[in-house]
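The chain contents come next:
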Amino acid sequence: MAGMGDGYVGTAQDAVRIRRLEKQREAERRKIQELKNKTASSKGQPGLLQFGSSTSEILETAFKKETVGLVTREEYVEKRVNIRSKIEEEEKEKLQKLQQEEEELQLQKLKKRKIKVDPRLSFSDDFENDNEEEEEENKEKESGRLGQRKFGKDPSVETSFLPDSEREAEEQAERERLRRQWLREQEQIKNETLEITYSYWDGTGHRRVIQVRKGDAIGEFLRAVQQQLAPEFREVRTTSVENLLYVKEDLIIPHQHSFYELIINKARGKSGPLFHFDVHEDVRTIADATIEKDESHAGKVVERHWYEKNKHIFPASRWEIYDPTKKWERYTIHGD
């Protein structure tokens, strides 16, 4: 190849690499020669660090030169201390100088590697490869440092799904507060006055109206009814509350159920709702069998002995025991 020595065979990239290596070797040779010159010029000077000599030998040689002739004990000690201090300072200065030279050399290497080369040149790949190797080394060092660090929490990350004792305690306290509020509201509803239209049934209807609380049970309602009917009907006056039945929409409501329970659950009977206790008719002008009738009939209060004797006769033959789990899809027309 033109411009190269006799017998050389290679590509342009090889030629560039060889020239770069030769320049590096030449720079290292010059630096070594400079260090040799500095070492040679420093030989023979008293008190300076000599190459190949230990610190104790240099100290002893310098001390002998300073203590030629007769000296006092104080002068002897003072000179030895001064010489030791001087040698230590020179060693420290030389070490600092060597470190500074090493840092400058590394900095020059980095600058050379960062030189931008025209990508159209064929030998630019060598510089790019060097830069890539340097970047990989820096990344490995940086990753090693990051691996030794302790990572903290990222405030931007969503953590609401993680367990949090404080948040759980607040939620529990809020649930408890809402529960107590709901209970207070239900107690207020139970204490509200409820007006009930009923009919004492002994084969014919005797309609009456009485007021109770929404929270009262059916048994408490029948006790109030007995007190209301006792002056007029001897059989009611002589019987007990357990022998009275309350029939609403063709269902016999057991004594333990309350009006509050029927209202809250929107209970329904065979012929109408169990949560309406007034009397009203379905006043629609157009009959539609697909729409549930809006009718409420007066509940019946019946003496148990009369029911047992007439339960095979209408209307007692339609009556059933109320079952909260049973659903009635359609109402049938029935009056008192």
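Let me begin by describing the structure that accompanies this report. (Residues numbered from 1 in each chain as written. Predicted model: local features only at pLDDT ≥ 70, side-chain atom pairs only at ≥ 80, totals over all residues. Heavy atoms only, no water.)

1. A word on the overall build of the protein
- In terms of regular secondary structure, the protein is built from 9 helices and 6 strands.
- Taken over 336 residues, the protein has a buried fraction of 25%.
- Of all intrachain contacts in the protein linking residues separated by at least 6 positions in sequence, the fraction that spans at least 24 positions is 54%. (Helix = DSSP H or I, 4+ residues; strand = E, 2+ residues; numbered from the N terminus. Buried < 20%, exposed > 50% of the residue type's maximum accessible area, 1.4 Å probe, protein only. Contact = heavy atoms within 4.5 Å.)

2. What to know about the sheet that holds strand S5 (residues 299-303)
- The sheet built from 6 strands is open, its strands ordered S2-S1-S5-S3-S4-S6 with mixed pairing. Pairing within the sheet leaves two strands with one partner each, and these edge strands are strand S2 (205-213) and strand S6 (320-321).
- Strand direction decides the pairing type here: strand S1 (residues 193-201) and S5, joined by 4 bridges, are parallel. From the neighbouring strand, Trp201 faces S5, where its bridge partner is Val302.
- Packed onto the sheet, helix H6 (residues 218-229) meets S1, S2, strand S3 (244-248), strand S4 (251-253) and S5 and runs at close to 125° relative to S2. (Pairing = 2+ DSSP bridges. Axes fitted to C-alpha atoms, helices over the stretch in contact; angles between N-to-C directions.)

3. Quick notes on the pattern of salt bridges
- The full count for this structure, using the stated rule, is 14 salt bridges.
- The partner of Glu176 in a salt bridge is Arg180, and the shortest N-O contact between them spans 3.4 Å. With Glu176 and Arg180 both in helix H5 (residues 165-190) and 4 residues apart, this pair spans about one turn of that helix.
- The exposure class of Arg180 is partly exposed, given its relative accessible area of 40%.
- One salt bridge connects Lys270 with Glu320, and the closest N-O pair in it is separated by 3.3 Å. Taken together, the residues Lys270 in the loop between helix H8 (259-264) and S5 and Glu320 in strand S6 connect sequence positions 50 residues apart. (Salt bridge = Lys/Arg side-chain N within 4 Å of Asp/Glu carboxyl O.)

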